[in-house]
Structures are given as structure tokens and as C-alpha cells.
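Per-entry structural report
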Amino acid sequence: MNRFQFEFMDKARKGDYLPRLFDILYDNMNPIIPGGAYDTERALFLAEVGPALEKGPRKIILMYAGDELAGYFQYYVNGGFFMVEEIQIIPAYQSTTLLYALFRFLGRVLPEDVGTIGAYVHKENFRSRRIIRKLGMVTEREEGDYCFCRGRFQSIGEKFYKKT
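So, here's what we can say about the structure. (Residues numbered from 1 in each chain as written. Predicted model: local features only at pLDDT ≥ 70, side-chain atom pairs only at ≥ 80, totals over all residues. Heavy atoms only, no water.)

A word on the pairing of strand β7 (residues 146-152)
Examined bridge by bridge, strand β5 (residues 116-122) and β7 share seven bridges and lie antiparallel to one another. Each residue of the ladder has a partner; that of tyrosine 120, found in β7, is phenylalanine 148. Of the strand pairs in this sheet, strand β6 (residues 138-143) and β7 are connected by five bridges, and their pairing is antiparallel. Within β7, the residue paired with threonine 139 across the bridge is cysteine 149. Count of turn residues in the β6/β7 antiparallel hairpin: two residues, of which glycine 144 carries a positive phi of about 65°. (Pairing = 2+ DSSP bridges. Helix = DSSP H or I, 4+ residues; strand = E, 2+ residues; numbered from the N terminus.)

This is the structure:
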């Protein structure tokens, strides 16, 4: 049995999932980039992410360790471009093989024509920036507090899975 399991979030049940996903995001990011009050940030998240999920290509993968929600991965694919919008993993699973398992899963479910991967990362999120560099992505531009990074998906995918 695999230690980690992945499933696409049922968008029709987003009201059941989004509050918990926000809690994971808030718990991870507030120590790095302190934001506003919990209730204010939660309301903004629900108001933005809920309607954004109505767009067809946007997906959220729920990551489980057994029965425990270990994190989530929000993304979309458009014309061979794979945009990572959010990846949040609870602390207990941040230094495990969960990310490796996620990329193996993505290798099975993403379209064959994905060639480029992109992601925004906050300038103060040094852990994420380090991971992005290890994956071979480079900073293309800075926009306010964020950096936009891009890389070749194939070179990243080769680190995690082999097509058979």
C-alpha cells in the first residue's frame, strides 16, 4: 500500500474542503509572511478561491497520508503551460517523500503536451525558493513581493518519474 494517496477535489463540494485548505495555508504561511487577522484572511481566501474553481482548467489535488489530509496542490494547465498556483503541506509531511509522490502522480494525470512549469513564490519564502531552484526553475521576474519562476517540466518530471 502506498503511504500517500491523491485525489482530485470534487468542486461541487468545495464548501466542505476550502475552509480546511485555508487553515493549512494560514498555518504554513503566517509565520513566514504575517498577514491580517485570521477571519479577514479566511474570508478573502474563500471569496477568491471559491469562484476561481469555477474555471474549468483549475484543479486541486488533495494529498493524504492514510486518512489524514496532508496538504493540497492547486494548479491549471493551459496550452502546454503548467501553472502551480498553490502547494501547501502540513509540517509533519514537509520533509517526507510526499512531494516526490505528488510529482509521480502528476506524471500520470497531466497532459502529454506539458512543456513548461511556472510558479509565483513570495520573496520571503526561502524554503520554497530553495525547492524551486533545486527543481531547475529560474526566476524570470519580480513583481512586488513575489518572484515568477519558470522551468522545463520534462527536466523536473525526470527527477520524479519515468514514463512507461
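Text resumes after the structure shown.
Some remarks on the packing of helix α1 (residues 14-29) against helix α2 (residues 38-52)
Packed helices, taken two at a time, are described by the angle between their axes plus the distance between the axes. Contact geometry of α1 with α2 gives a least axis separation of 10 Å together with a crossing angle of 130°. In terms of orientation, α1 lies oblique with respect to α2. In the packing of α1 onto α2, the handedness of the crossing is right-handed. When α1 is examined against α2, the residues Lys14, Leu18, Pro19, Leu21, Phe22, Asp23, Leu25 and Tyr26 are found in contact with a partner set consisting of Tyr38, Glu41, Arg42, Phe45, Leu46, Val49, Gly50 and Pro51. Across the contact of α1 with α2, the residue classes tally to 11 nonpolar, one polar and four charged. (Axes fitted to C-alpha atoms, helices over the stretch in contact; angles between N-to-C directions. Parallel < 35°, antiparallel > 145°, perpendicular 65-115°, else oblique. Left-handed = near helix turned anticlockwise from the far one by under 90°. Contact = heavy atoms within 4.5 Å. Nonpolar A, V, L, I, M, F, W, Y, C, P; charged D, E, K, R; others polar.)

A short note on the side chain of asparagine 28
Here asparagine 28 lies in helix α1. Side-chain polar atoms of asparagine 28 contact the backbone oxygen of isoleucine 89, separated by 2.9 Å. (Polar contact = N/O pair within 3.5 Å; in protein donor to acceptor, adjacent residues only side chain to side chain.)

Observations concerning the pattern of salt bridges
Taken as a whole and assessed by the stated rule, the structure comprises seven salt bridges. Measuring nitrogen to oxygen at the nearest pair gives 2.7 Å for the salt bridge that ties arginine 150 to glutamate 140. Of the two residues, arginine 150 is situated in strand β7 and glutamate 140 in strand β6; the sequence distance between them amounts to 10 residues. Given the relative accessible area of 42%, glutamate 140 is considered partly exposed. In this structure, arginine 141 and glutamate 143 form a salt bridge, with 2.4 Å as the shortest nitrogen-oxygen distance. (Salt bridge = Lys/Arg side-chain N within 4 Å of Asp/Glu carboxyl O. Buried < 20%, exposed > 50% of the residue type's maximum accessible area, 1.4 Å probe, protein only.)

Let's talk about the nonpolar core
Of all hydrophobic cores here, the largest spans 49 residues; its most connected members are Phe6, Leu21, Leu62, Phe82 and Leu106. Residues in contact with phenylalanine 82, not counting those within four places in the same chain, are Phe73, Tyr75, Tyr76, Val77, Leu106, Leu110, Val114, Thr116, Ile117, Gly118 and Phe153. (Core = buried A, V, L, I, M, F, W, Y, C linked by side-chain atoms within 4.5 Å.)

Structural notes on α2
The terminal C-alpha atoms of α2, which comprises 15 residues, lie 21 Å apart, in line with the 21 Å expected from a rise of 1.5 Å per residue. The complete set of buried residues in α2 reads Phe45, Val49, Gly50 and Ala52. All buried residues of α2 lie within an arc of 150° about the axis, which places them on one face of the element. Exposed residues on α2 whose side chains face more than 90 degrees from its buried face are Asp39, Ala47 and Glu48. Those residues of α2 that are buried lie in contact with α1 and β3 (68-78). (Expected span 1.5 Å × (residues − 1). Arc of directions from axis to C-beta.)

Topic: the packing of aromatic side chains
Scanning the model with the defined rule gives 12 aromatic pairs in all. On the numbers, 6.1 Å between centres and 85° between planes, the contact of phenylalanine 4 with tyrosine 93 is edge-to-face. Within this pair, whereas phenylalanine 4 is found in strand β1 (residues 4-8), its partner tyrosine 93 is found in the loop between β4 (81-89) and α3 (98-109), the two being separated by 89 residues in sequence. For the residue pair phenylalanine 4 and tyrosine 93, the accessibility class agrees, reading buried in each case. Taking the centre distance of 5.2 Å and the plane angle of 90° together, the rings of tyrosine 26 and tyrosine 38 count as edge-to-face. Here tyrosine 38 lies in helix α2 and tyrosine 26 lies in helix α1, a separation of 12 residues in the sequence. The class of tyrosine 26 is buried, set by a relative accessible area of 18%. Put simply, the rings of Phe22, Tyr26, Tyr38 and Phe45 touch in pairs and so form one group of aromatic residues. (Phe/Tyr/Trp six-rings, centres within 6.5 Å; stacked < 30°, edge-to-face > 60°.)

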